[in-house]
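Observations on chain architecture
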Amino acid sequence: MSLVSVDYLLEKAEKEGYAVGAFNCNNMEIVQAIVAAAEAEKSPVIIQASQGAIKYAGLEYIVNLVETAANTVSVPVALHLDHGTSFEQVIKCIRQGFSSVMIDGSQYSLEENIALTNKVLEIARPIGVSVEAELGKIGGTEDDIVVSERDAMFTDPKDAQRFVEETGITSLAIAIGTAHGPYKGKPELDFERLKAIKALTNIPIVLHGSSGVDDDDIRKAISLGVRKVNIDTNIRQAFTKAAKDVFTNNPEEIDPRKVLGPARDAMIEIVREKIRVFGSNGKA
Ligand SMILES: O=C(CO)COP(=O)(O)O
Ligand SMILES: O=C[C@H](O)COP(=O)(O)O
Ligand SMILES: [Zn+2]
Ligand SMILES: [Zn+2]
């Protein structure tokens, strides 16, 4: 099946009350694991690439790997740019074949973020490429942020309302207490804020930094309107644990296939588990 837009997947998710997993890829085995998991669970899936992933693998490799993967399965697959930070980068990805992009203007003022998002929407909307924006700042768990600063980074529901009114954006990444990377303690999510944002925007909400968040908290966030859940770190952990195990058991191993094969199997398992938590299994 050819690539579909994220909006297409989130519309159904919104109607039926589940979320679609958005899994980060960097290489062939990760792409293969994500589609194999989605196919096994009969689930729609979003494969996303960060700017770091594109720098590592190459833009054409990412697009061709994901298009090939999508063509080998029966479930719908979207290819999404994760945290696009410049207009130029976003346009490059759209030209190359991405079916969806994120423009992350969260480091700018509200007005500048609205203007940048609208500039991207003007190009993307007429050609059916969906756009995700970000409001509030989703940091890294390594950022060592104190509680008072943490609140200031959270998405303001009124700003979210204005943002949606002035852009017509169809999915929005918000900051409610998650962060990228492995958590040191248990993340505390601000569900009241999520409720308020959903009530004032009524569009699919995107949760970043979802690796390491309790399954029950993810389910609760989905019940309150999250429709796209981003997972990267959990895949990295599954990959490296499996690879380390191979070398522990056989320090002399030199065949990359004997390392990457088990790593791919471990990634399939974690992606399948997440898909079931998000409730998108059987929804393809
Ligand atoms: O939000 C993410 C990608 O945009 C992924 O976050 P994690 O690495 O914490 O899963
Ligand atoms: O948003 C962060 C993702 O986990 C991507 O991370 P990365 O920039 O290291 O590829
Ligand atoms: Zn951001
Ligand atoms: Zn993210």
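Residues numbered from 1 in each chain as written. Chains lettered and ligands numbered in written order. Predicted model: local features only at pLDDT ≥ 70, side-chain atom pairs only at ≥ 80, totals over all residues. Heavy atoms only, no water.

Here's the deal with the coordination of the zinc ion (ligand 3)
Looking at the metal site, the zinc ion (ligand 3) is ligated by Asp 104 (OD), Glu 134 (OE) and Glu 134 (OE), spaced 2.2 to 2.4 Å from it. On the criterion of sequence distance, the pair formed by Asp 104 in the loop between strand E4 (100-103) and helix H6 (110-124) and Glu 134 in strand E5 (residues 130-135) is long-range, its members being 30 residues apart. The residues Asp 104 and Glu 134 share a single accessibility class, namely buried. (Donors = N, O, S within 2.8 Å, 3.2 Å for Na, K, Ca; no water. Helix = DSSP H or I, 4+ residues; strand = E, 2+ residues; numbered from the N terminus. Buried < 20%, exposed > 50% of the residue type's maximum accessible area, 1.4 Å probe, protein only.)

Topic: the UniProt feature "binding site: dihydroxyacetone phosphate" (unreviewed entry) in the protein
In the UniProt entry, the feature "binding site: dihydroxyacetone phosphate" (unreviewed entry) is given for Gly 181, Gly 209, Ser 210, Ser 211, Asn 230, Ile 231, Asp 232 and Thr 233. In three dimensions, the annotated residues from a span of 53 residues occupy one location, with a maximal C-alpha spread of 11.4 Å. Relative to the helices and strands, Gly 209 resides in the loop between strand E7 (205-207) and helix H10 (215-223). Accessibility expressed as a relative area gives 9% for Gly 209, which makes it buried. When near neighbours in sequence (up to four residues on either side) are disregarded, Gly 209 contacts Thr 178, Ala 179, His 180, Tyr 183 and Asn 230. Following the sequence through the fold, Asn 230 ends up in strand E8 (residues 226-231). Not counting residues up to four positions away in its chain, the partners in contact with Asn 230 are Ala 22, Gln 48, Asp 82, Val 206, Leu 207, His 208, Gly 209, Ser 210 and Ser 211. (UniProt positions renumbered as here; feature names shortened; annotations may be inferred. Contact = heavy atoms within 4.5 Å.)

Digging into the sheet that holds E4
The strand order around the closed barrel built from eight strands is E1-E2-E3-E4-E5-E6-E7-E8, with neighbouring strands paired in parallel fashion. Taken pair by pair, the neighbouring strands of this sheet meet at an average axis angle of 25 degrees, ignoring direction. Both E4 and E5 contribute to a ladder of four bridges, which runs parallel. Residue pairing in the sheet places Ser 100 in a bridge with Ser 130 of E5. Where helix H1 (residues 6-16) meets the sheet, its contacts fall on strand E1 (20-24), strand E2 (45-50), strand E3 (77-84), E4, E5, strand E6 (171-174) and E8, and the angle it forms with E8 comes to roughly 125 degrees. Relative to E7, helix H9 (residues 191-201) is tilted by about 150 degrees, and along the sheet it contacts E6, E7 and E8. (Pairing = 2+ DSSP bridges. Axes fitted to C-alpha atoms, helices over the stretch in contact; angles between N-to-C directions.)

Description of the packing of helix H5 (residues 87-96) against H6
At their nearest, the axes of H5 and H6 sit 10 Å apart, and the two run at 20 degrees to each other. As summarised for this structure, H5 and H6 are arranged roughly parallel, according to the angle between their axes. Where H5 crosses over H6, the handedness of that crossing is right-handed. Judged by residue contacts, Phe 87, Val 90, Ile 91 and Ile 94 of H5 engage Leu 116, Lys 119, Val 120, Ile 123 and Ala 124 from H6. For the contact of H5 with H6, the residue count by class is eight nonpolar, no polar and one charged. (Parallel < 35°, antiparallel > 145°, perpendicular 65-115°, else oblique. Left-handed = near helix turned anticlockwise from the far one by under 90°. Nonpolar A, V, L, I, M, F, W, Y, C, P; charged D, E, K, R; others polar.)

Comments concerning H6
With 15 residues, H6 should cover 21 Å at 1.5 Å per step; its first-to-last C-alpha distance of 21 Å lies within 8% of that length. Every buried residue belonging to H6 is among Leu 110, Asn 113, Ile 114, Leu 116, Thr 117, Val 120, Leu 121 and Ala 124, and all of these are buried. (Expected span 1.5 Å × (residues − 1).)

Concerning the site of ligand 2
Taken together, Asn 24, Ser 50, Asp 82, His 83, His 180, Asp 232 and Arg 236 form the complete shell of residues around ligand 2. Interatomic distance of 3.4 Å between a side-chain N/O atom of His 83 and an oxygen atom of ligand 2. A distance of 3.0 Å separates an oxygen atom of ligand 2 from a polar side-chain atom of Arg 236. Contact with the protein chains covers 67% of the free accessible surface of ligand 2, which is 300 Å². In terms of residue class, the shell around ligand 2 is made up of no nonpolar, four polar and three charged. (Near = heavy atom within 4 Å. Polar contact = N/O pair within 3.5 Å; in protein donor to acceptor, adjacent residues only side chain to side chain. Areas by Shrake-Rupley, 256 points an atom, 1.4 Å probe, with all protein chains shown as cover.)

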